[in-house]
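Summary of the model geometry
Residues per chain are reported as follows:
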Amino acid sequence: MINIKTQQEIEIMAEGGKILKDILQKMAQAVRPGITTEEIDKLARELVVSWAKKIPEAKISSSFCGYRGFPGFVCISVNDEVVHGIPSSKRVIAEGDIVGLDFGVVYKGFHTDSAVTVPAGKISKETEKLLRVTREALELGIEKTLIGNTVGDIGYAVQKHAEKNGFGVVKELVGHGVGRKLHEEPYVPNYGKKGGGEVLKEGMVIAIEPMITAGRPAVEIASDNWTYKTKDGSFAAHFEHTVAITKEGPRVLT
Ligand code: MG
Ligand code: MG
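In this report, the structure presented in the accompanying data block is examined.

Glancing now at the coordination of the magnesium ion (ligand 1). Between any two of four tetrahedral donors, the ideal angle at the metal is 109.5 degrees; between two of six octahedral donors, it is 90 or 180 degrees. Taken together, the protein donors to the magnesium ion (ligand 1) comprise Asp102 (OD), Asp102 (OD), Asp113 (OD) and Glu240 (OE), at separations of 2.0 to 2.8 Å. One chain supplies every donor for the magnesium ion (ligand 1), spaced along it as D-x10-D-x126-E. In this model, the magnesium ion (ligand 1) sits 3.2 Å from the magnesium ion (ligand 2), the two metals being bridged by aspartate 113. Remark: glutamate 240 occurs in the loop between strand E13 (236-238) and strand E14 (241-246) and aspartate 102 occurs in strand E4 (residues 98-107); sequence separation between them is 138 residues. By the burial criterion, aspartate 102 is buried, and glutamate 240 matches it.

Okay, here's the thing in structure tokens:
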């Protein structure tokens, strides 16, 4: 069942999304060689606490902390890690790494979900291209997020752009509806056929999140039972926005 949001609910999600954006930007600015992923996670915790003090009635918290037992506050995935990386004091970021920051906040009972992948220091030309193409794939997917289009139109746009540039599209993990639950229907794959799948309707809110690999797209779960990594060890990038489908077109809430 797909939950259609009222105008008022979308406004609440936009307020939450603004806070998420602020926190994600500050985390991204903190990424540098020498920092640990635990320190980045700690920064997010501090920022959530300070926002929660400012707006106590919104009951702001992390969408991920404790989700199905996830031990971190933020998902931080480095290099060949695609998503769901657990922050650690042992994981020190090095020059040339790419750091995927995936975060969600709960605000007045509604989740928003967003991710960026940021470089630490100087990265290779090929990795720069991977980040750019993944960001562009997200933008192209958002452009297709229109009333009457389908989730297949979004997936088609994302996949075409990634593969045209010689990159792989992760199939095992997909975008999703967002609302009172972090993961709602419909699923939003990063691949698909034009006109295929669920039809987009006014009031739907979805997270679009291309996960693109520099090499082959196959992934496996690491020994921590959380982190998805590429099987061939190639780097992966992940960008995500929460988007509302409105009469005026796609509205990015994050
Ligand atoms: Mg996310
Ligand atoms: Mg998501």
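Time to look at the coordination of the magnesium ion (ligand 2). With distances of 2.1 to 2.2 Å, the protein atoms coordinating the magnesium ion (ligand 2) are Asp113 (OD), His176 (NE2), Glu209 (OE) and Glu240 (OE). Each donor residue of the magnesium ion (ligand 2) belongs to the same chain, and together they define the spacing D-x62-H-x32-E-x30-E.

This part covers unusual backbone geometry. Note: most residues except glycine have negative phi, and most peptide bonds are trans. Here the amide bond leading from glutamate 185 into proline 186 is cis, since omega sits at 0°, within 30 degrees of zero. For lysine 108, which is not a glycine, the phi torsion comes out positive at approximately 50°. Tracing the backbone through its elements, the reader meets lysine 108 in the loop between E4 and strand E5 (110-119). When its relative accessible area of 37% is taken as the criterion, lysine 108 is described as partly exposed.

Quick look at the sheet that holds E13 now. A sheet is described by the order of its strands in space; here three strands give the open sequence E6-E10-E13, paired in antiparallel fashion. Edge positions in the sheet fall to strand E6 (168-169) and E13, since each of these pairs with one other strand and no more. Of the pairings in the sheet, the one linking E6 to strand E10 (residues 211-213) comprises two bridges and is antiparallel in character. Note on E10: the bridge partner recorded for valine 169 is isoleucine 212. Sheet strands in contact with helix H3 (residues 125-143) are E10 and E13, and its direction is about 35° off that of E13.

Packed helices, taken two at a time, are described by their axes: the angle between them and the distance between them. Orientation of H3 relative to helix H4 (residues 151-164), taken along the N-to-C sense of each, is 155°, at an axis distance of 8 Å. By the angle between their axes, H3 is roughly antiparallel relative to H4. Here the hand of the crossing between H3 and H4 comes out right-handed. Contacts between H3 and H4 involve Val133, Glu136, Ala137, Leu140 and Gly141 on the former and, on the latter, Ile154, Ala157, Val158, His161 and Ala162. Here the residues of the contact of H3 with H4 are counted per class, giving seven nonpolar, two polar and one charged.

Before going further, it helps to examine a positive patch on the surface. On the surface, Lys144, Lys160, Lys164 and Lys194 cluster together to form a positively charged patch. Residue position: lysine 194 is located in the loop between strand E8 (184-188) and strand E9 (205-208). Residue lysine 194 is classed as exposed on the basis of its relative accessible area, which comes to 60%.

Here we come to the pattern of salt bridges. Tallied over the entire structure, the rule returns nine salt bridges. Taking the shortest distance from any N to any O, the salt bridge between aspartate 41 and arginine 45 comes out at 2.9 Å. Taken as a pair, aspartate 41 and arginine 45 lie in helix H2 (residues 37-54) at a separation of four residues, close to a single helical turn. Put simply, glutamate 81 and arginine 91 hold a salt bridge, and the shortest N to O gap is 2.9 Å. Taken together, the residues glutamate 81 in strand E3 (residues 81-83) and arginine 91 in the loop between E3 and E4 connect sequence positions ten residues apart. Judged by its relative accessible area of 12%, glutamate 81 falls in the buried class. For arginine 91, a relative accessible area of 27% puts it in the partly exposed group.

Judged by nonpolar contacts, the single largest core of 42 residues is most densely connected at Ile23, Met27, Ile60, Leu101 and Phe103. Of all the elements in the fold, those that place two or more residues in this core are helix H1 (7-30), H2, strand E2 (75-78), E4, E5 and E9. A per-element tally of this core places H1 first, with ten residues. In this view, isoleucine 60 contacts Ile19, Val48, Trp51, Ala52, Ile55, Val106 and Tyr107; residues no more than four positions away in its chain are not counted.

The next subject is H4. Taking 1.5 Å of rise per residue, the 14 residues of H4 would be expected to cover 20 Å, and the 20 Å separating its terminal C-alpha atoms lies within 8% of that figure. Burial within H4 is extensive, with ten of its 14 residues counted as buried. Those residues of H4 that sit buried are Val151, Gly152, Asp153, Ile154, Gly155, Ala157, Val158, Gln159, His161 and Ala162. In this structure, the buried residues of H4 make contact with H3, E6, E8, E9 and E10. Where H4 begins, the side chain of threonine 150 points an oxygen toward the backbone nitrogen of glycine 152, at a separation of 3.2 Å. Following H4 by one or two positions, glycine 166 has its phi on the positive side, about 85°.

Reading the values: the criteria
Every chain is numbered on its own, with residues counted from 1 as its sequence reads. As a convention, the first chain written is A and the first ligand written is 1, with the rest following in written order. Since the coordinates come from a predicted model, pLDDT governs what is reported: local features require at least 70, and pairs of side-chain atoms require 80 or more to be given and counted, while whole-chain, interface and lining totals use all residues. Only hydrogens and water are set aside; all other atoms, that is, all heavy atoms of the structure, feed into the side-chain values. The rule for donors is simple: an N, O or S atom within 2.8 Å of the metal counts, and for Na, K and Ca the reach is 3.2 Å. Water is not among the atoms, so a site may look short of donors. Numbering of helices and strands runs from the N terminus, with a helix taken as a DSSP run of H or I at least four residues long and a strand as a DSSP run of E at least two residues long. For every residue, the accessible area (1.4 Å probe, protein chains only) is compared with the maximum for its type, and the residue is labelled buried under 20%, exposed over 50%, or partly exposed between those bounds. Between any two strands, at least two bridges found by DSSP are needed for them to pair. Working rule for contacts: check all heavy atoms of both residues, and any pair within 4.5 Å makes them a contact. Where helices are involved, their axes are fitted lines through C-alpha atoms of the stretch in contact, as for all axes, and angles between N-to-C directions lie from 0 to 180°. These descriptions rest on fixed angle ranges, namely under 35 degrees for roughly parallel, over 145 for roughly antiparallel, 65 to 115 for roughly perpendicular, and the rest for oblique. Left-handed describes a crossing whose near helix is turned anticlockwise from the far helix through less than a right angle; right-handed describes the clockwise counterpart. Only Asp, Glu, Lys and Arg are considered charged, only Ala, Val, Leu, Ile, Met, Phe, Trp, Tyr, Cys and Pro nonpolar, and every remaining residue, Gly among them, polar. A patch consists of residues whose relative accessible area exceeds 30% and which take part in no salt bridge; residues with like charges are grouped when within 9 Å of each other, and nonpolar side chains (Val, Leu, Ile, Met, Phe, Trp, Tyr) when within 5 Å. Note on areas: these come from Shrake-Rupley sampling with a 1.4 Å probe, and a residue is covered only by the protein chains present in the view. The working definition used for a salt bridge is a side-chain nitrogen of Lys or Arg within 4 Å of a carboxyl oxygen of Asp or Glu. For the charge count, each Lys or Arg is scored as positive and each Asp or Glu as negative, with His and the chain ends excluded. Note that the charge is assigned to NZ on lysines, CZ on arginines, CG on aspartates and CD on glutamates. Here, nonpolar core refers to any group of buried Ala, Val, Leu, Ile, Met, Phe, Trp, Tyr and Cys residues whose side-chain atoms link them within 4.5 Å. In this scheme, a helix's expected span is set at 1.5 Å multiplied by one less than its residue total. Side-chain atoms alone can form a polar contact between residues adjacent in sequence; in general such a contact is a pair of N or O atoms within 3.5 Å, and within protein one must be able to donate a hydrogen while the other accepts it.

This is a description of form; function is not addressed.
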